[in-house]
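# Architecture and fold: a report
So the chains spell out like this:
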Amino acid sequence: MRSITALFFLFCFLAPSALAQLRLGFYGRSCPRAESIVANVVANRFRRDRSITAALLRMQFHDCFVRGCDASLLIDPRPGRPSEKSTGPNASVRGYEIIDEAKRLLEAACPRTVSCSDIVTLATRDSVALAGGPRFSVPTGRRDGLRSSPNDVNLPGPTIPVGASIQLFAAQGMNTNDMVTLIGGGHSVGVAHCSLIQDRLADPAMDRSLNARLRNTCRAPNDPSVFLDQRTPFIVDNAIYGEIRRQRGVMRIDQNMGLDRSTRGIVSSFAQNNALFRNRFAQAMVKMGTIKVLTGRSGEIRRNCRVFNNGR
């Protein structure tokens, strides 16, 4: 109950800016089954593939940190017209078929009512709960963007310095605590290709047993993947922060958060208190979902999440 109350007050604090038309239960009258339709799609997929939580968390992050949470990432590239989806950092984003299925069912139940950006937000929220993370309410009422260009994409890489990452998050209205929460929480169920962790494998400070195990995995052909949280790779929890404190952070940015003076205290707090992490993660997810949203008459409600309504 405390976390729900905290989220309510957080939203009340955010609302006076550009968010007055985002609200809890936005589709209560226009599409009463909207949230349950999305939840059922996600649950059915999760039963077959628990990795969708990591996929959807990454999708929402990559969408919201480029021009805001407007589903611009979902637009398919076309000949002569590339989109965000076609650029480097987004090439490995997956889970679009989950959004497509939810959209198809929502269009059948409530045509032209539920935005693709809200579907992404709801689906990610539901997948977090299924993966053992916190359950929380999210305001809805977003509309879909009218632009998707690879030129707008400027996402952090796995070796970004902590200071640069703090600045990138600050540009989106997110603070240092939000950054540590979202990066660690997202990576608690994430994976990375071996090609992205070579700097960590060469780091003599890395835990020796973990280094040996990762090197053995990475000897396989075709750039295999490894779990970023070696303890509970399918659960959204605080275990990754404990791993970071023991020099067992797999990705450079994760380990650096445990070493940098501006973030190591937050890492330690989360490592020692899963309830604290869960509460902060829910708050940070709600906050991220409000970045530069379109509401009211701005943007559009796409009929197909992969193309703009005018067919561009």
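Criteria and cut-off values
- Residues numbered from 1 in each chain as written.
- Predicted model: local features only at pLDDT ≥ 70, side-chain atom pairs only at ≥ 80, totals over all residues.
- Heavy atoms only, no water.
- Helix = DSSP H or I, 4+ residues; strand = E, 2+ residues; numbered from the N terminus.
- Rg over C-alpha atoms; globule rule 2.2 N^0.38 Å.
- Buried < 20%, exposed > 50% of the residue type's maximum accessible area, 1.4 Å probe, protein only.
- Areas by Shrake-Rupley, 256 points an atom, 1.4 Å probe, with all protein chains shown as cover.
- Lys, Arg positive; Asp, Glu negative; His and termini not counted.
- Charge placed at Lys NZ, Arg CZ, Asp CG, Glu CD.
- Salt bridge = Lys/Arg side-chain N within 4 Å of Asp/Glu carboxyl O.
- Disulfide = S-S within 2.5 Å.

### Considering the overall build of the protein chain
- On a plain count of helices and strands, the protein chain comes out with 13 helices and two strands.
- Over its C-alpha atoms the protein chain spans a radius of gyration of 19 Å, differing by no more than 12% from the 20 Å that the globule rule assigns to 312 residues.
- By principal-axis analysis of the C-alpha atoms, the protein chain measures approximately 55 × 50 × 35 Å.
- The 312 residues of the protein chain split such that 54% are buried.
- Accessible surface computed for the protein chain: about 13,900 Å², of which carbon and sulfur atoms make up 51%.
- Across the protein chain, the mean location of the 43 positive side-chain charges is 3 Å away from that of the 25 negative side-chain charges.

### Here we look at the pattern of salt bridges
- Throughout the structure, instances matching the rule amount to 20 salt bridges.
- Between Arg 125 and Glu 35 there is a salt bridge, and its shortest N-O distance comes to 3.0 Å. Of the two residues, Arg 125 is situated in helix α5 (residues 116-130) and Glu 35 in helix α2 (residues 34-48); the sequence distance between them amounts to 90 residues.
- Classification of Arg 125 by relative accessible area gives buried; the value is 10%.
- A salt bridge links Arg 200 to Asp 203; the shortest N-O distance between them is 2.8 Å.
- Take Asp 203: its relative accessible area is 16%, and that puts it in the buried class.

### Some details on unusual backbone geometry
- Phi is positive for Ala 71, close to 60°, though the residue is something other than glycine.
- A relative accessible area of 0% places Ala 71 in the buried class.
- Here Lys 292, not a glycine, exhibits a phi torsion of approximately 45°, which is positive.
- Structurally, Lys 292 is set in the segment after α13 (274-288).

### Overview of the state of the cysteines
- According to the stated counting rule, one finds four disulfides in the structure shown.
- Between the sulfur of Cys 31 and that of Cys 110 lies a disulfide, 2.1 Å long from S to S. Of note, the bridge from Cys 31 to Cys 110 carries an S-S torsion of about 75° and is right-handed in sense. With Cys 31 in the loop between α1 (2-14) and α2 and Cys 110 in the loop between α4 (96-109) and α5, this residue pair connects regions lying 79 residues apart in the sequence.
- What makes Cys 110 buried here is its relative accessible area of 9%.
- Across a sulfur-sulfur distance of 2.0 Å, Cys 194 and Cys 218 are joined as a disulfide pair. Taking the sign of the S-S torsion, about -80° here, the bridge from Cys 194 to Cys 218 comes out left-handed.

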